[in-house]
Amino acid sequence: MKGEEVRSLVVSEPAGPDALRIGSLRLSPAPDDVVIDVHSAGVTFPDLLLTQGRYQVKPEPPFAPGLEVAGVVRSAPADSGIAPGDRVIAFTGHGGGYAATVAVPTPKVVPIPDTMGFDEAVGLMVNYQTSYFGLAERGRLRAGETVLVHGAAGGVGTAAVQIALGLGARVLAVVSDEGKADIAREAGAQEVIMVGDWAEEVTERTRGEGVDLVYDPVGGDRFDASLRLIRPGGRILVIGFAEGRIPQIAANRLLLRNIDAVGVAWGHFVPHDAGLIRRVGAKLNELAEAGHVRPIVGATYALEDGAQALKDLEARKTVGKSVLRLR
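Residues numbered from 1 in each chain as written. Predicted model: local features only at pLDDT ≥ 70, side-chain atom pairs only at ≥ 80, totals over all residues. Heavy atoms only, no water.

Some points on the overall build of the chain
- Counting secondary structure elements, the chain contains 11 helices and 15 strands.
- Against the globule reference of 20 Å for 327 residues, the chain gives a C-alpha radius of gyration of 19 Å, in line with a compact fold.
- By its C-alpha atoms, the chain is 60 × 40 × 35 Å across when sized along the principal axes.
- Buried residues in the chain amount to 54% of all 327 residues. (Helix = DSSP H or I, 4+ residues; strand = E, 2+ residues; numbered from the N terminus. Rg over C-alpha atoms; globule rule 2.2 N^0.38 Å. Buried < 20%, exposed > 50% of the residue type's maximum accessible area, 1.4 Å probe, protein only.)

What follows is the structure, encoded as structure tokens:
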């Protein structure tokens, strides 16, 4: 197996999605790696940044994007608790998942719930791990609290809606149009708010008291307005900046309102917590088995259409989870 050439979607230069081409990359597993034949690869915003050379980590070309995969184990270390034939999801690190076969360190591999197919299950990695890590571990969410979720029809947004509800919170889901409102409702949101007058409606629905926790993958103006809607002792989770502008916070706002601004960079925390992926994966599987968590697959693409998948993500045309199918 060492030195095997694997069909991949390859970045040869950081010129954006249009520069992606089908090619092959060499697979050289380490002794403690799990080798997985990939059935589905998740499409994530970091994948887009990787193709543009704008991600925090910049692999040397040629490389494949792809942070998450779902598939069947071909081989695994004897003491890993994983066996050939197992259905698993895995975090490939900072790229490599847009390939027919991958090799991933054992701590980054999690079993798939029996109730899920590969397309659904791949969403349990980056989006759902990020959302659980943010809400439960970084955000200290407690049952009975009110959570404001921005971008509630997207991949991380639908994940946040389901997890927050599963943890016993009240969810206010903000979306930009009626089509996305339907997706948020499909995810389980019962209180959906349109983006046009969202701040006023949040104030009205909370009787002026505000929310306990804000889940914000949008940034920009949405972040600025959200700060004014957090009740004393509340928190805002910094997930990402889909709007484009990275907001700045005046420290006196945090001081006078006794609120926390909390960074949630799940992928960058993985190297600092070796058990994170398996620990959170077990919690997510429990929520899935209880019926609270089920990723919504928005669109599927063939591997050779991966460039279009990333362009659709960049144009914010996607809802739920976009997936590349390799088998």
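So much for the structure itself; the text now carries on.
As for the sheet that holds strand β11 (residues 211-216)
- Reading across from one edge, β10-β9-β8-β11-β12-β13 is the order of the six strands in this open sheet, with parallel pairing throughout. Bordering the open sheet on either side are β10 (191-194) and β13 (260-263), each of which pairs with just one other strand. In this sheet, adjacent strand axes meet at a mean angle of 20 degrees when their direction is disregarded.
- Two elements, strand β8 (residues 146-149) and β11, share three bridges in a ladder whose sense is parallel. Its bridge partner lying in β11, L148 is registered against V214. (Pairing = 2+ DSSP bridges. Axes fitted to C-alpha atoms, helices over the stretch in contact; angles between N-to-C directions.)

So, the nonpolar core
- Membership of the largest hydrophobic core comes to 92 residues, with the highest contact counts inside it found for Y98, L135, W266 and L324.
- Top element by residues in this core is helix α10 (residues 276-289). It accounts for six residues.
- The contact partners of L324, leaving out residues within four places of it in the chain, are H39, S40, A41, V43, Y98, Y301, A302, L303, G306 and A309. (Core = buried A, V, L, I, M, F, W, Y, C linked by side-chain atoms within 4.5 Å. Contact = heavy atoms within 4.5 Å.)

Coordinates in, geometry out; function isn't part of it.
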